[in-house]
Amino acid sequence: MTDLHVIFGTGPVARATMESLRRRDLPVRMVNRSGRYPGGEAPAGVEVLAGDARDAAFARQAAAGASVVYQCLNPEYHEWIELFPALQNGVLAAAEANEALLVSMENVYGYGRPDGAPLTEQSPLNAHTRKGRLRNGMAEQLRLAHESGRVRVTTGRASDYYGPGGGMASPMGDLVFPAVLAGGTARLYGSPDRVHSYTFIPDIGEGLAVLGTDPRAIGRIWHLPNDPQPQTSRQMVHTAFRLAGTTGKIAGTPTWIFRLLGLRDRTIREVVEMAYEFEEDFVVDSSAISTELGVRATPIDEAIAITLDSYR
């Protein structure tokens, strides 16, 4: 066993996790299909390995020597049902073969509609969407693996993310910040006037790094840090305009528009069933990780300023 931390994935969450681990001077190996680090050279102390995590034999080899393995893979939205279970199977096999702690990055789809109450780690799993039910099945697989003693598992769940690298996958991403900087029209999912917990990508990375390095986290599900006083999407975009020194418009996107666009775009088609998150207040409570492990959310104004700088 070593201090090696192996991250499956090189997307924005995986990179934020790597950065948090490197701040702790921990060696990191990242695994993706290409073997290339997005945007150029990998940072010092980071190795990038090429291969398909669905191949359990490869995944085991990729994680050789790891003390902690992170599941940060995230297929294209329209490929979730087909690819996600096989990807998790590979990462689970990798952690088990190397007797490594498995840190699983998840979201909150499995809870279903919040029905006016903040979502906590104890909220019932009432998924009513295909992707929510898939998430619950995958979470159950990890729970059973942990309880049977096959592998130690800890799980971090984030709400819809935003921040550097969020791109089109973020509801508060490419449709918002470039428009803010240009003084144009920022386009939001659903109603702009519903309170919504967004999780800042660097906070996800820090939260996962803590889950991978603090023994108190093992065997539990944790909500990754969200601001304890979430705002409406409109309030957040107003802040972005103010910090950018620009003025522009804010437009919501009704579900029927997603349905129409989804006739031609399979990724947008998959967004439709998740529209409920933006039709009512959607608050994700993360007080447990804050009070028990000391991981707190970056204040919203500061997080927006950092995100604007990344888009510049």
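Since this is a predicted model, take the numbers as computed values, not measurements.

Trainee: Help me understand the layout of surface pockets, please; the structure alone is not making it clear to me.
Mentor: Rolled over the atoms, a probe sized like a water molecule indicates the empty space that remains. When its volume is computed, the second largest pocket comes out at roughly 310 Å³. Forming the boundary of the second largest pocket are 19 residues, of which Ala-139, Arg-143, Thr-155, Arg-157 and Ile-221 lie nearest the centre. Elements with a minimum of two residues in the lining of the second largest pocket: helix H4 (130-147) and strand S6 (153-158). Counting residues per element, the lining of the second largest pocket draws most heavily on H4, at seven residues. Grouping the amino acids of the lining of the second largest pocket by side-chain chemistry returns six nonpolar, six polar and seven charged.

Trainee: What should I look at first to understand the environment of Thr-213 in this one?
Mentor: Counting through the fold element by element, Thr-213 comes out in helix H6 (residues 201-213). In this structure, the C-alpha to C-alpha distance between Thr-213 and Leu-21, residues 192 residues apart in sequence, is 9.0 Å. When sequence neighbours within four positions are dropped, the list of residues in contact with Thr-213 reads His-5, Leu-21, Arg-24 and Leu-26. Reaching out from Thr-213, the side chain makes a polar contact with the backbone oxygen of Ala-209 at a distance of 2.8 Å.

Trainee: Explain helix H3 (residues 80-97) here, please?
Mentor: Within an α-helix, residues lying three or four positions from one another point in the same direction, as the helix has 3.6 residues per turn. Its 18 residues place the ends of H3 25 Å apart at the C-alpha level, agreeing with the 26 Å of an ideal helix rising 1.5 Å per residue. Listing the buried residues of H3 in full gives Trp-80, Leu-83, Phe-84, Leu-87, Gln-88, Gly-90, Val-91, Leu-92, Ala-93, Ala-94 and Ala-95. On its buried face, H3 is in contact with strand S1 (4-8), helix H2 (56-62), strand S4 (66-71), strand S5 (101-107) and H4.

Trainee: Can you help me understand the packing of aromatic side chains in this one?
Mentor: Within this structure, the stated rule accounts for eight aromatic pairs. Consider the rings of Tyr-162 and Tyr-198, whose centres lie 6.2 Å apart with planes at 75°: the pair is edge-to-face. Here Tyr-162 is found in strand S7 (residues 160-162), whereas its partner Tyr-198 is found in strand S9 (residues 198-200), with 36 residues between them in sequence. Residue classification places Tyr-162 among the buried residues on the basis of a relative accessible area of 2%. Judged by relative accessible area, Tyr-198 falls into the buried class, the value being 7%. Here the aromatic cluster, defined as three or more aromatic residues joined through ring pairs, consists of Tyr-77, Trp-80, Phe-84 and Tyr-109. Over the face of the ring belonging to Tyr-77 we find Lys-131, whose NZ or CZ atom lies 4.8 Å from the ring centre. Over the ring of Trp-222 we find Arg-220, and its NZ or CZ is 3.9 Å from the ring centre.

Thresholds, definitions, all that
- Each chain has its residues counted from 1, running along the sequence as written.
- Only residues with pLDDT of at least 70 are given local features in this predicted model, and only at 80 or more are side-chain atom pairs given and counted; all residues enter the totals for whole chains, interfaces and linings.
- The basis for the side-chain values is all heavy atoms of the structure; hydrogens and waters are excluded.
- Both cavities and pockets are sets of points on a 1 Å grid over the protein atoms alone; in a cavity a 1.4 Å probe fits but cannot get out, in a pocket the set is open with protein on both sides within 12 Å along at least five of seven lines, and lining residues sit with an atom within 4 Å of a point.
- Grid points are joined across faces, edges and corners, and a volume is the space filled by probe spheres set on the points.
- A run of H or I in DSSP becomes a helix once it reaches four residues, and a run of E becomes a strand once it reaches two; helices and strands are each numbered from the N terminus.
- By the convention adopted, Pro, Cys, Tyr, Trp, Phe, Met, Ile, Leu, Val and Ala count as nonpolar, Lys, Arg, Asp and Glu as charged, and the other residues, Gly among them, as polar.
- We call two residues in contact whenever any of their non-hydrogen atoms come within 4.5 Å of each other.
- By the criterion applied in these results, polar contacts are pairs of N or O atoms within 3.5 Å in which, for protein atoms, one can donate a hydrogen and the other can accept it, and in which residues neighboring in sequence qualify only through two side-chain atoms.
- The span one expects for a helix is its residue count, reduced by one, times 1.5 Å.
- Exposure is judged per residue with a 1.4 Å probe applied to protein chains only, and the accessible area is read against the type maximum: over 50% gives exposed, under 20% gives buried, and values in between give partly exposed.
- Only rings of Phe, Tyr and Trp enter the pairing, Trp through its six-membered ring, and a pair is recorded when the two centres are within 6.5 Å. The plane angle decides the type: under 30 degrees is stacked, over 60 is edge-to-face, the rest tilted.
- Two conditions define a charge sitting above a ring: the NZ of Lys or the CZ of Arg must be within 6 Å of the ring centre, and it must be within 35 degrees of the ring normal.

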